[in-house]
Every structure is written in structure tokens, then in C-alpha cells.
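Chains, contacts and geometry: an overview
Each chain is listed here by its residues.
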Amino acid sequence: MAKALDKPVAIVIGVGAGLGAALARRFAAGYHVAIVARNADYLAALAKEIEADGGHVLPVAANVADGAEIERAFGTIRSALGDPELMLYNAAMRPFGRLMETKPSTFENTWRVNTFGAFLCSQQAVPAMLQAKRGTIIFTGATAGIKPYPTSAAFGPAKFAMRGLAQVMARDLGPSGIHVAYVNVDGAIDMPFIRKLRPELKEEDLLKPAAIAETYWHLAHQDSSSWTQEVDVRPFKEKF
């Protein structure tokens, strides 16, 4: 049962140093935000930083590929904050490798983090949204979910499946008042991992996490007469 809070509840799942952290910061401006990732120490530090700026953040450590951990995490969030009105699924595993370079375990684990985790979290969030007849779920997609590269033997199929899940849910849940959207992040996000992996990229080649988060904020507050199901974000220089 939802608690009587002065702000609605949002859950950001998959909170790293790039887009996940930017989403947590942006939505803390209008929501009580639960942040979910595996690294408890990192989550605690980020929560402390956001709360210093006036936000209310609940850090919850969990492995999104584990059903029992997801169930426990959502139980913790409901107990502390109440039912979520908004869920942002940003968890991702992005290995590089062609077909014969990809281990079966890598293929499976990539699917579990990107797709199975999205499915599990959605099943946890949706019942209360159906009861309330409102809610928003936004999935973080990638270029690989539309046009995968040869080195995306595991990542591409996982993102295609996530995109399919988002489309199924949008058609299923939209008539019940639940907005489901998929954001195709078509390019490299400006974060430490990418800077290290692609040092040749210039400032203007990268998507800024805070700028992407503004698109999520817009999607989360669209009028129901004009919902977006899929949207692309990319740097102005990106070829597509």
C-alpha cells in the first residue's frame, strides 16, 4: 500500500556514474527517488550528494538479474517510500564481441541484465500502477536495439528484446493509464568508462547525461493525449 508522501515515488534501476546518476539527480527535484545498483558504497555516496542538494534518495543495493534480489529491493522501497509512480530501467551490460568471440555465458548474462531484469522489475512495479490507473515506465535503449554492430553479438539481441518488451507493454498497459517508453541512446554517453575506452572522442561527440535526463523528464510528464513510445537522442554530429 502506498504511503502518504508529499512527493510521488520514482525508482531508477541501474545507477552508474553516467546516465543513471543524472536521472537520479534530475528526478530528485520532484520525486522521492529510490536508486538501485549492485555497489552499495557507490549508491550511499551518490544518495548523500543528492540529499545535500535537497533531494530525498533511498539507496538499495541489488543484482537486477536475480529475481529474489529484485523482489527484496522492491519490498524495501515499498516499505520505506510506498508504491512507485515512475520506474526508469537503465541497467545494462555491454560486452563487445563477434559471434564466435562471445561465450554462451556472456550472451546469457547480457540478456539477463538488459532484458530479464527489465521484465522482473516491470512485474514488480506494474500492479500498483494498474490499481492507481497511472504510472510511467521508461527503458534505456541503445543503437544496438535498432542497428547493432558486428561486435554486438550479445548486446544487440538483448537490446532488441528489451525494445520488444517495451512495445508489448506500451500496447498492453497504455489503455490502463500506464505510459511505457523506450529511449534509443544513439551514441556514446559522456562518462568515465567511455572517456577511457574512446579517448579519441571530442567533447561534442558525446551525449551529456544531464541533457539525456531532460528527455526522460519530458517523457515522464507528457499529457496522455500525446504520449511518445520511442524517441532517439544523439549528438548533433552523430551519423544515423
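Here we summarise the structure given alongside this text. (Residues numbered from 1 in each chain as written. Predicted model: local features only at pLDDT ≥ 70, side-chain atom pairs only at ≥ 80, totals over all residues. Heavy atoms only, no water.)

**What about a nonpolar patch on the surface?**
- Among the surface-exposed residues, Phe96, Phe193 and Leu197 lie close enough to one another that they form a single nonpolar patch of about 320 Å² accessible area.
- Tracing the chain through its elements places Leu197 in helix H6 (residues 192–197). (Patch = residues over 30% accessible without salt bridge, like charges linked within 9 Å, V, L, I, M, F, W, Y side chains within 5 Å. Areas by Shrake-Rupley, 256 points an atom, 1.4 Å probe, with all protein chains shown as cover. Salt bridge = Lys/Arg side-chain N within 4 Å of Asp/Glu carboxyl O. Helix = DSSP H or I, 4+ residues; strand = E, 2+ residues; numbered from the N terminus.)

**Here we look at the pairing of strand E2 (residues 32–37)**
- Along E2, 6 of the 6 residues are buried, which leaves the element largely enclosed by surrounding structure.
- Residues His32, Ala34 and Val36 of E2 are buried on one face, and the alternating residues Val33, Ile35 and Ala37, pointing to the opposite face, are buried as well.
- Sheet topology places strand E1 (residues 9–13) next to E2; 5 bridges connect them, and they run parallel. Its bridge partner lying in E2, Val12 is registered against Ile35.
- Two strands pair when backbone bridges link them, and E2 and strand E3 (residues 56–61) are joined in this way by 6 bridges, in the parallel orientation. Note on E3: the bridge partner recorded for Val33 is Val57.
- As for the winding sense of the linkage, the β-α-β connection from E2 through helix H2 (residues 40–52) to E3 is right-handed. (Buried < 20%, exposed > 50% of the residue type's maximum accessible area, 1.4 Å probe, protein only. Pairing = 2+ DSSP bridges. Right-handed = clockwise from strand over helix to strand, strands pointing away.)

**Some remarks on the packing of helix H1 (residues 19–27) against H2**
- Viewed as axis vectors pointing N to C, H1 and H2 meet at an angle of 35 degrees, and their least axial separation amounts to 10 Å. In this structure, H1 meets H2 at a crossing whose hand is right-handed. For the pair H1 and H2, the contacting residues are Ala21, Ala24 and Arg25 in the first and Tyr42, Leu46, Glu49 and Ile50 in the second.
- Taken together, the residues of the contact of H1 with H2 break down into 5 nonpolar, no polar and 2 charged. (Axes fitted to C-alpha atoms, helices over the stretch in contact; angles between N-to-C directions. Left-handed = near helix turned anticlockwise from the far one by under 90°. Contact = heavy atoms within 4.5 Å. Nonpolar A, V, L, I, M, F, W, Y, C, P; charged D, E, K, R; others polar.)

**A closer look at the side chain of Gln222**
- Within the fold, Gln222 resides in the loop between helix H7 (209–220) and strand E7 (230–233).
- A polar side-chain atom of Gln222 sits 2.8 Å from a polar atom in the side chain of Thr228. (Polar contact = N/O pair within 3.5 Å; in protein donor to acceptor, adjacent residues only side chain to side chain.)

**A few points about the sheet that holds E1**
- Read from one edge to the other, the open sheet built from 7 strands follows the order E3-E2-E1-E4-E5-E6-E7, with strand pairing classed as parallel. The two strands at the open ends of the sheet, each matched to only one other strand, are E3 and E7. Each strand axis lies, on average, 20 degrees off the axis of its neighbour in the sheet, ignoring direction.
- Of the strand pairs in this sheet, strand E5 (residues 135–142) and strand E6 (residues 178–185) are connected by 8 bridges, and their pairing is parallel. Bridging across to E6, Phe139 finds its partner in Tyr182.
- Helix H3 (residues 67–80) contacts E1, E2, E3 and strand E4 (86–89) of the sheet and is inclined by roughly 155 degrees relative to E3.

**Regarding the packing of H1 against H7**
- At a closest axis distance of 8 Å, the pairing of H1 and H7 adopts a crossing angle of 50 degrees. Judged by the angle between their axes, H1 and H7 are oblique. In the crossing of H1 with H7, the sense of the turn from one axis to the other is right-handed. Where H1 abuts H7, its residues Leu19, Ala22, Leu23, Arg26 and Phe27 lie against Pro209, Ala210, Ile212, Ala213, Glu214, Tyr216, Trp217 and Ala220.
- Looking at the contact of H1 with H7 residue by residue, the class counts come to 11 nonpolar, no polar and 2 charged. (Parallel < 35°, antiparallel > 145°, perpendicular 65-115°, else oblique.)

**Remarks on the side chain of His179**
- By secondary structure assignment, the location of His179 is in strand E6.
- The buried category is assigned to His179, whose relative accessible area is 2%.
- Leave out the neighbours within four places in its chain, and His179 touches Gly135, Thr136, Ile137, Leu219, Gln222, Trp227 and Thr228.

**So, the environment of His32**
- Tracing the chain through its elements places His32 in strand E2.
- A relative accessible area of 7% means that His32 is categorised as buried.
- A distance of 2.4 Å separates the side chain of His32 from the side chain of His56, its partner in a polar contact.

**Remarks on the packing of aromatic side chains**
- Within the structure shown, the criterion is met by 6 aromatic pairs.
- When the ring of Tyr31 is compared with that of Trp217, the centres are 6.0 Å apart and the planes differ by 90 degrees; the resulting orientation is edge-to-face. A residue pair is termed long-range when its members are at least 10 positions apart, and Tyr31 in the loop between H1 and E2 and Trp217 in helix H7 qualify at 186 residues.
- If you follow Arg26 out to its NZ or CZ, it ends over the ring of Trp217, 4.0 Å from the centre.
- Seen from the ring of Phe96, Arg94 lies directly overhead, with NZ or CZ sitting 3.9 Å from the centre. (Phe/Tyr/Trp six-rings, centres within 6.5 Å; stacked < 30°, edge-to-face > 60°. Lys NZ or Arg CZ within 6 Å of the ring centre and 35° of its normal.)

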